[in-house]
Amino acid sequence: MKIRNYISELIILISLLILLIYSIEPIIHKDSNRYIGGSLIDPPIFHFLITIMLSLFGSLKSIVVLQTLLVGFAIVYFTRTFSDIFNLNVVNKTIISLFLFLPIIKFYNNILTETTGYALSLFFVSFVSKLIFNFTIKNL
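Residues numbered from 1 in each chain as written. Predicted model: local features only at pLDDT ≥ 70, side-chain atom pairs only at ≥ 80, totals over all residues. Heavy atoms only, no water.

Colleague: Just checking my understanding: could you explain the packing of aromatic side chains for this structure?
Modeller: Ring pairs (aromatic) are described by centroid distance and by the angle formed between their planes. Counted according to the given criterion, the structure contains 9 aromatic pairs. Seen from their ring centres, F86 and F133 are 5.2 Å apart, and the 75 degrees between their planes marks the pair as edge-to-face. Of this pair, F86 sits in helix α4 (residues 61–86) while F133 sits in helix α6 (residues 114–133), and the two are 47 residues apart along the sequence. The partly exposed category is assigned to F86, whose relative accessible area is 42%. Its relative accessible area of 51% is what places F133 among the exposed residues. When the centroid spacing of 6.2 Å and the interplanar angle of 15 degrees are considered together, the rings of F123 and F127 count as stacked. Placement of the pair is F123 and F127 together in helix α6, with a separation of 4 residues, close to one helical turn. Accessibility expressed as a relative area gives 12% for F123, which makes it buried. In this structure F127 comes out as partly exposed when scored by relative accessible area, which is 43%. (Phe/Tyr/Trp six-rings, centres within 6.5 Å; stacked < 30°, edge-to-face > 60°. Helix = DSSP H or I, 4+ residues; strand = E, 2+ residues; numbered from the N terminus. Buried < 20%, exposed > 50% of the residue type's maximum accessible area, 1.4 Å probe, protein only.)

Colleague: Please explain the packing of helix α1 (residues 7–22) against helix α5 (residues 90–107) as it appears in this structure.
Modeller: The relative placement of two packed helices is expressed as an angle between their axes plus a distance between the axes. Interaxial distance between α1 and α5 falls to 8 Å at its minimum, and their mutual angle equals 20 degrees. Considered as vectors, α1 and α5 are oriented roughly parallel to each other. The element α1 and its partner α5 pack so that their crossing is right-handed. In this structure, α1 uses I7, S8, E9, I11, I12, S15, L16 and L19 to contact α5, whose residues at the interface are V90, K93, T94, S97, L98, F101 and I104. (Axes fitted to C-alpha atoms, helices over the stretch in contact; angles between N-to-C directions. Parallel < 35°, antiparallel > 145°, perpendicular 65-115°, else oblique. Left-handed = near helix turned anticlockwise from the far one by under 90°. Contact = heavy atoms within 4.5 Å.)

Colleague: I tried to follow the layout of surface pockets on my own but got confused; where do I start?
Modeller: Any space left empty among the atoms is revealed by the rolling of a water-sized probe across them. Empty space within the largest pocket amounts to approximately 200 Å³. Within the residue set of the lining of the largest pocket, elements represented by two or more residues are α3 (44–57) and α6. Considered class by class, the residues forming the lining of the largest pocket number 7 nonpolar, 3 polar and no charged. (1 Å grid on protein atoms, 1.4 Å probe; cavity = no way out; pocket = protein on both sides within 12 Å on 5 of 7 lines; lining within 4 Å. Points joined across faces, edges and corners; volume = space filled by probe spheres on them. Nonpolar A, V, L, I, M, F, W, Y, C, P; charged D, E, K, R; others polar.)

Colleague: Please explain the nonpolar core as it appears in this structure.
Modeller: In terms of nonpolar packing, the biggest core is built from 28 residues, with I75, F101, I104, Y118 and L122 touching the most fellow members. Looking at this core, the elements with two or more residues in it are α1, α3, α4, α5 and α6. With 8 residues, α4 is the single largest residue contributor to this core. Apart from the residues within four sequence positions on either side, I75 is in contact with I12, S97, L100, F101 and L122. (Core = buried A, V, L, I, M, F, W, Y, C linked by side-chain atoms within 4.5 Å.)

Colleague: I would appreciate a short explanation of the packing of α4 against α5 in the present structure.
Modeller: At a closest axis distance of 10 Å, the pairing of α4 and α5 adopts a crossing angle of 150 degrees. Here α5 runs roughly antiparallel to α4, going by the angle between their axes. Classified by chirality, the crossing of α5 by α4 is right-handed. Contact with α4, carried on its side by V71, I75, F78, T79, R80 and S83, involves K93, I96, S97, L100, F101 and I104 of α5 and no other residues of that element. Across the contact of α4 with α5, the residue classes tally to 7 nonpolar, 3 polar and 2 charged.

Here is the structure:
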């Protein structure tokens, strides 16, 4: 196992750790109270995620960690998927990973749906790309 093949994953992991060490304090916005308290006009998934994390860990910091790790995993999955489909080399894969990482620097610690939405969007694009380029029942 060559470490060179996993350089983009290591860069994302180290970057996530630096972000979390730098600031794990959650940022509460006006919309955040809707998600924390649960609103009928919002989808309940994010509220349930917050409720579960608060009941398990008792702090909003756990939500920041979970959101950040979810985005990191989504970036790694996305780059691996596109690397397999288009036979990308390590340099291109690393550049794609870094460009995908840039947006989360701005909103990784916000208690809003953008972070989880970004991660789920990356997963969705990865799954659809797998389905388009390798149409099998498993990918469907």
